[in-house]
Amino acid sequence: MEAEIKASAPGLGGRSWLRLGSMREAGLIAIMLALCIAMTFASPHFLTWGNFRAMLMSFSIEGIVVVGMTILLIVGGIDLSVGSVVCFSMVVSGALFLMGLDPWTASLIGIGASALVGAAMGFFVTVIGLNHFITSLAAMVIVRGLCLVITKGTPLSLFTLPPGFKAIGQGSFGNVPYVIVIFVVVVAIFDFLLRRATAFRKVFYTGSNEKAAQFSGIKTKQVKFWVTVLCSTLAGFAGVIYMSRFGAATPTFGAGMELNIIAAAVIGGASLNGGSGTIFGAILGMALLSVVTSSLILLDVSVYWQDMIKGCILLAAVSIDHFLHRRKS
Amino acid sequence: MTAAAILEIRDISKSFGAIKALTGVDFTLQRGEIHALCGENGAGKSTLMNIIAGIVKPDEGAIRLEGKNVTITSPSAAQRLGIGLVHQEIALCQDATVAENILMAAVNNRRAPLMNFRRLYADAQKIMDLLAPIPVETPVADLSISNQQLVEIAKALTLECRVLMLDEPTAALTETEARRLFAIVRDLKARGISIIYISHRMAEIFSLCDRVTVFRDGRYVATDSIASVTPNDVVRKMVGREITQLYPQKLSPERRTDRPVLSVENLSYRQGSAGVGFTLRAGEILGIGGLIGAGRSEMVQTVCGLRPKVSGSVELNGEPVSIRTYSDAVRAGLVYLSEDRKASGLFLDLSVASNISALDLRKLTTPLGLLDRRAEAKQATDLVVRHGVRMGGIETQVSTLSGGNQQKVAIARLLSVGPKVVILDEPTRGVDVGAKVEIHRLLRDLAERGVGVIVISSELPELIGLSDRVLVIREGAIVGELGADELTEEAIMLLASGLRQQRSNARQVQNVA
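In this text, all values refer to a predicted model and were calculated from it rather than measured experimentally.

### So, the packing of helix H8 (residues 178-196) of chain A against helix H13 (residues 279-298) of chain A
Residue and element names in this part refer to chain A. At a minimum axis distance of 9 Å, the contact between H8 and H13 shows a crossing angle of 145°. Contact residues: H8 offers Phe183, Val187, Phe190, Asp191 and Leu194, while H13 offers Ile279, Phe280 and Ile283. Grouping the constituent residues of the contact of H8 with H13 by class yields seven nonpolar, no polar and one charged.

Given below as structure tokens:
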């Protein structure tokens, strides 16, 4: 008995949630590979660096938002306001830039303002005691309203942004855009921290069983508050990158983005009940949705079909997961 | 024999995947008897109940009801045959009325588009009155747990019920509530209903039942008339080995000391209530008894900083400690095991190792803020090996373990911090006999090594068998203290129910002064 335990022990200290997840991740990779192989035959444009770069670009900025959402889902929360907050960050930074501030300071203030939105939601959730869904639904609408107020409803044109700042969203290291580099770095950092950092272990405890976490001396309200702030901050960060990429701030940008992001995290294995999920899985979920979208475009499928197909993928992924979990118990 | 049998189970087998839950079991229920079904967790009792109630289909074997072969395909088929099952856990719609809960199946099958509430209330009241005069228009959420339990029973009873199965009906009840339930069960028996009664508690079985059948590892072991066996016989058959002593040896008088490990003074945890005080001495196990809702859990949770206190001071080994949050308590060496391990004890979907680490993450954190997984694995392995947790490995998900092993993991978490005092709230609730004995031994062992042990239990035999001294709580106050030689169920109940007042408030007054 003892030997058996010892044998399984080394190096496994903090990865319990990974083991379940790794099956899911392997499945997602397999589906994606199959899709890629099929597409290679179906379209000559699929297997080109240009197409892959386009796909990566399309989800790397959203991918930063997915990171925050996944952590928030693990703690048992949800944030419907991320799309609005991405836009808010763009609009605030853009407006400050147009008022004469340098774009870097303006961006930092934009990200700070996003964090404040998160802090406000965190306050309503942990101090007042509302749930994440309703709080963030309200925030979604309020923040979107703020965007419209700030811009008076018209897009801010930011073509005067200095080239140094535009480079974040538009430049590249040789063939690899900076955006993709930033995305990979953010994902790597948070994936590592989520698996290894003590602070993030508390996120799993809180999401798995909040009462038990309290009875282990974990300040669960603090944990929930800071994760809410983190999610909004990452959305704000993504907003600034979008601004650099587009050279504009549109007050309607990001509407509906939250659904795509939640779908990606859930396809990647995050549970809406909290307690489980991985960054890697969520990014794979995002990638799968992106490969599908790209395939549909290459196959000349009408854009009107795309949302419907994405919805079906979400439903299929969650059903398979539910079936696997039920089989296990 | 067979002539009087109402329900006969012959050679029933059932597998779930690779696991054989039942292997060719037999069981005979006589008309009008209360028949106890015993076995450790996993022995197959619940599977058999689920088969009889039509929830699970057997792989092979026959069920005969009043001599006729029947196939029970669904719970509603079982109900039509007059078979009712009361599940272990209360599963009622809390916001609906008692009547809507009792007649849920009838409402569901109703063809008419609108509800006839007058008829519904009248029919439900007829069934409810068989048990207790609970008004059926009341929402379930407004009832006490014991009354909710009665509603569960009413739901299983139909007016033509012949066989009633009760799966650990007293698990969530206090002693008085349980006694009320026994009277009702006897009354149902007198009405000619045959009852299958599942319980872990020997005292209940021996006072209530006529015969007892024991299952072990999915197999039938024996059926005996209660009059012809002793509790020890039954336990021996359940675990398949001799358990010489159900409870560990108590603290011998010569080893008794007056050295206090924990002293609590003038502790007030409800606004306006008088302060309570007690002392835990080295080497002893201090039991805390009282009815559910008497304030036992609140009292110890306040001591541990899990609830805000109005006033009071705590000393550990003679040194005053300031406890404002549970983290303060843990740092001082005072730990608490919550009474409901599913709701507030364990992280069921996380691994054994991470469950054990939760109480003191700081110890396992490297200077960079990362978790030292090697240290975590070592700690978990040491503790589970020492406490004989049976499982695949420390990465096993806790939800896959049996109740007893889950509880050992929860206790291992407390011990991971090297505590000076452990306070356990219902440490053996829902735990099978074998694991129960092991947990009791572990607690005695801790006490002998100088760790202060306080146990709250609603199960009187456990409280009496385990404790060296018992404090009885009623309405938030300590109303009595019983030494080892005064410990009887009667003495505890008299104090807990307020029929006797042993300890004047002198000591509490003294503490205030």
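That was the structure; now back to the text.
### Quick look at the state of the cysteines
Applying the stated criterion across every chain, the model contains zero disulfides over all chains. Cys38(B) carries a free sulfur, and the closest cysteine sulfur to it, the one in Cys209(B), is 7.6 Å from it.

### Overview of the UniProt feature "transmembrane region" (unreviewed entry) in chain A
Residue and element names in this part refer to chain A. Feature annotation in UniProt assigns "transmembrane region" (unreviewed entry) to the following positions: residues 26-46, 52-75, 82-101, 107-130, 137-156, 176-194, 225-243 and 279-298. Regarding residues 176-194, the helix share stands at 89% and the strand share at 11%, and the terminal C-alpha atoms are separated by 27 Å. From the first C-alpha to the last, residues 225-243 spans 27 Å; its make-up is 100% helix and 0% strand.

### Some details on helix H6 (residues 132-151) of chain A
Residues and elements named next belong to chain A. Between its terminal C-alpha atoms H6 stretches 28 Å, which fits the 28 Å expected from 20 residues at 1.5 Å a residue. Within H6, burial applies to His132, Thr135, Ser136, Ala139, Val143, Arg144, Cys147 and Thr151. Down the axis of H6, the sector holding all buried residues measures 160°, keeping them to one side. Away from the buried face of H6 by more than 90 degrees, exposed residues Val141, Ile142 and Val149 are located. Considering only its buried residues, H6 is in contact with helix H3 (49-74), helix H4 (82-98), helix H5 (103-128), strand S1 (156-157) and helix H11 (220-246). Capping the start of H6, Asn131 holds a side-chain oxygen 3.2 Å from the backbone nitrogen of Phe133, two or three residues further along. Positioned one or two residues after H6, Lys152 has a phi angle of 55°, which is positive.

### Looking at the sheet that holds strand S18 (residues 452-456) of chain B
Residues and elements named next belong to chain B. With respect to topology, six strands assemble into an open sheet ordered S16-S17-S18-S13-S19-S20, the strand pairing being mixed. A strand with exactly one partner marks an edge of an open sheet, and here the two such strands are strand S16 (334-337) and strand S20 (477-483). Strand-to-strand twist in this sheet, taken as the mean axis angle between neighbours without regard to direction, amounts to 20°. Pairing geometry for strand S17 (residues 421-425) and S18, over five bridges, is parallel. Note on S18: the bridge partner recorded for Val422 is Val453. Each of strand S13 (285-290), S16, S17, S18, strand S19 (469-474) and S20 touches helix H10 (residues 296-303); the most contacted strand, S13, lies at about 135° to it. In this fold helix H18 (residues 489-496) packs onto S13, S19 and S20, with an angle of close to 30° to the strand it touches most, S19.

### Regarding the sheet that holds strand S2 (residues 19-30) of chain B
Residues and elements named next belong to chain B. Overall, antiparallel pairing links the four strands, which are arranged S2-S1-S4-S5 in an open sheet. Of all the strands in the sheet, the pair left with one neighbour each is S2 and strand S5 (68-70). Averaged over all pairs of adjacent strands, the angle between their axes in this sheet comes to 25°, without regard to strand direction. Along the sheet, helix H1 (residues 45-52) contacts strand S1 (5-16), S2 and strand S4 (60-65); its crossing angle with S1, the most-contacted strand, is approximately 115°.

### Points about a nonpolar patch on the surface
All names here are of chain A. A cluster of nonpolar side chains, Ile29, Leu33, Ile37, Phe41 and Phe280, forms an exposed patch at the surface whose accessible area comes to about 550 Å². Among the elements that take part in the nonpolar patch, helix H2 (residues 16-42) stands out by supplying four residues, more than any other. Within the element layout of this structure, Phe41 appears in helix H2.

### Considering the confidence of the model for chain A
Residues and elements named next belong to chain A. In the predicted model, chain A carries a mean pLDDT of 87, and the fraction of residues at 70 or more is 91%. Within chain A, the element-level pLDDT minimum falls on helix H1 (residues 2-8), averaging 36, and the maximum on H5, averaging 97. For residues 1-20, every residue scores under 50 in pLDDT, and the model assigns this stretch 46 contacts once sequence neighbours within four places are set aside.

### Some remarks on the side chain of Lys45(B)
Residue and element names in this part refer to chain B. Assignment of secondary structure puts Lys45 in helix H1. One buried charged residue, Lys45, remains without a salt bridge, the closest side chain of opposite sign being Glu168 at 4.9 Å. At 2.8 Å, the side chain of Lys45 and the backbone oxygen of Gly39 are in polar contact. Ignoring sequence-local partners within four residues, the contact set of Lys45 consists of Leu37, Cys38, Gly39, Glu40, Ile198, His200 and Phe215.

### Points about empty space enclosed by the protein
Here the structure, examined in full by the defined rule, presents five cavities of 30 Å³ or more. There is about 140 Å³ of room inside the largest cavity. Each residue belonging to the lining of the largest cavity can be placed in one class, and the counts come to two nonpolar, five polar and seven charged. Formed jointly, the lining of the largest cavity draws a minimum of three residues from each of two domains, domain 1 (5-239) and domain 2 (245-333 + 419-512) of chain B. A volume near 70 Å³ is recorded for the second largest cavity. Lining the second largest cavity, in full, are Phe215(A), Ser216(A), Tyr326(B), Tyr336(B), Leu337(B), Ser338(B), Ser344(B), Gly345(B), Ala410(B), Arg413(B) and Leu414(B).

### Let's talk about the pattern of salt bridges
Residue and element names in this part refer to chain B. Following the criterion strictly, the structure yields 27 salt bridges over all chains and no others. Among the ionic pairs, Arg191 bridges to Asp187, the shortest N-O distance being 3.2 Å. Given a relative accessible area of 30%, Asp187 falls into the partly exposed group. When the shortest N-O distance is used, the salt bridge between Arg469 and Glu284 registers 2.7 Å. Residue Arg469 is found in strand S19, and its partner Glu284 is found in the loop between strand S12 (276-281) and S13; the two are separated by 185 residues along the sequence. The pair Arg469 / Glu284 is uniform in exposure class, with both members buried.

### Some details on the environment of Ala235(A)
All names here are of chain A. One can find Ala235 in helix H11. Residue Ala235 is classed as buried on the basis of its relative accessible area of 0%. Considered as a pair, Ala235 and Ile111 are 124 residues apart in the sequence and their alpha carbons are 8.2 Å apart. Ignoring any residue separated from it by four or fewer positions in sequence, one finds Ala235 in contact with Val65, Val82, Val85 and Val86.

### Examining the environment of Met257(A)
All names here are of chain A. Along the chain, the position of Met257 falls in helix H12 (residues 257-267). Spatially, the C-alpha atom of Met257 lies 8.2 Å from that of Glu62, the residues being 195 residues apart in sequence. Apart from residues lying up to four places away in sequence, Met257 is in contact with Glu62, Gly83, Val86 and Tyr242.

### Observations concerning the nonpolar core
Membership of the largest hydrophobic core comes to 101 residues, with the highest contact counts inside it found for Val67(A), Ile71(A), Phe190(A), Phe200(A), Val203(A), Tyr205(A) and Ile279(A). Tallying contributions element by element places H3(A) first for this core, with 13 residues. Counting residues in each nonpolar core, the second largest holds 70 residues, with Val417(B), Val422(B), Leu424(B) and Leu442(B) among its members.

### Focus: the confidence of the model for chain B
Residues and elements named next belong to chain B. For chain B, mean pLDDT is 85; residues scoring 70 or higher make up 95% of the total. Ignoring residues within four places in sequence, the model shows residues 504-513, a span with pLDDT below 50, making 11 contacts including any to other chains. Note on the complex model: pTM 0.77, ipTM 0.80.

### A few points about the pairing of S4(B)
Residues and elements named next belong to chain B. Pairing of S1 with S4 involves five bridges; the strand directions are antiparallel. Bridging from a neighbouring strand, Ile9 pairs with Ile63 of S4. Sheet topology places S4 next to S5; three bridges connect them, and they run antiparallel. Looking at S5, one finds that Ile63 is bridged to Val70.

What counts, and where the lines are drawn
In this numbering scheme, every chain counts its residues from 1 along its sequence in written order. Just so you know, chain letters begin at A and ligand numbers begin at 1, following the order they were written in. Residue-level local features of this predicted model are given only where pLDDT is at least 70; pairs of side-chain atoms are given and counted only at 80 or more, and the full residue set underlies all totals for whole chains, interfaces and linings. The basis for every side-chain value is the complete set of heavy atoms in the structure, and neither hydrogens nor water enter the calculation. Angles here are taken between N-to-C directions and fall from 0 to 180 degrees, while the axes themselves are lines fitted to C-alpha atoms, restricted in helices to the stretch in contact. The secondary structure listing takes helices from DSSP runs of H or I that are at least 4 residues long and strands from runs of E that are at least 2 residues long, numbered from the N terminus. Whether two residues are in contact is decided by their heavy atoms, any of which lying within 4.5 Å being enough. Here the term charged refers only to Asp, Glu, Lys and Arg, the term nonpolar to Ala, Val, Leu, Ile, Met, Phe, Trp, Tyr, Cys and Pro, and the term polar to all other amino acids, Gly among them. Disulfides are defined in this document as cysteine sulfur pairs within 2.5 Å. UniProt positions are given in the numbering used here, feature names are shortened, and annotations may be inferred rather than shown by experiment. Here, expected helix span is obtained from the residue count minus one, scaled by 1.5 Å. Only protein chains enter the accessibility calculation, which uses a 1.4 Å probe. A residue is then buried if its area is under 20% of the maximum for its type, exposed if over 50%, and partly exposed in between. Read the arc as the range of directions from the helix axis to the C-beta atoms. Distance and chemistry together define a polar contact, namely a pair of N or O atoms within 3.5 Å, with one atom able to donate a hydrogen and the other to accept it when in protein, and with adjacent residues in sequence counting only for side-chain atoms on both sides. Pairing between strands is defined by DSSP: at least two bridges between them are needed. Here the term patch refers to residues with relative accessible area over 30% and no salt bridge, with like charges joined within 9 Å and nonpolar side chains (Val, Leu, Ile, Met, Phe, Trp, Tyr) within 5 Å. Values of accessible area rely on a 1.4 Å probe in the Shrake-Rupley scheme; residue burial ignores everything except the protein chains shown. In the sections that follow, a salt bridge refers to a side-chain nitrogen of Lys or Arg positioned within 4 Å of a carboxyl oxygen of Asp or Glu. As a per-residue quantity, pLDDT reports the predictor's confidence and falls between 0 and 100. Charge convention: Lys and Arg are scored as positive, Asp and Glu as negative, and His as well as the terminal groups of each chain are ignored. A pocket, in this scheme, is an open set of points on a 1 Å grid over the protein atoms alone with protein on both sides within 12 Å along at least 5 of 7 lines, while a cavity is a set where a 1.4 Å probe fits but cannot get out; residues line either one if an atom lies within 4 Å of a point. Grid points are joined across faces, edges and corners, and a volume is the space filled by probe spheres set on the points. Note that the domain bounds reflect an automated or database-derived domain assignment. The criterion is simple. A nonpolar core is a set of buried Ala, Val, Leu, Ile, Met, Phe, Trp, Tyr and Cys residues joined through side-chain atoms within 4.5 Å.

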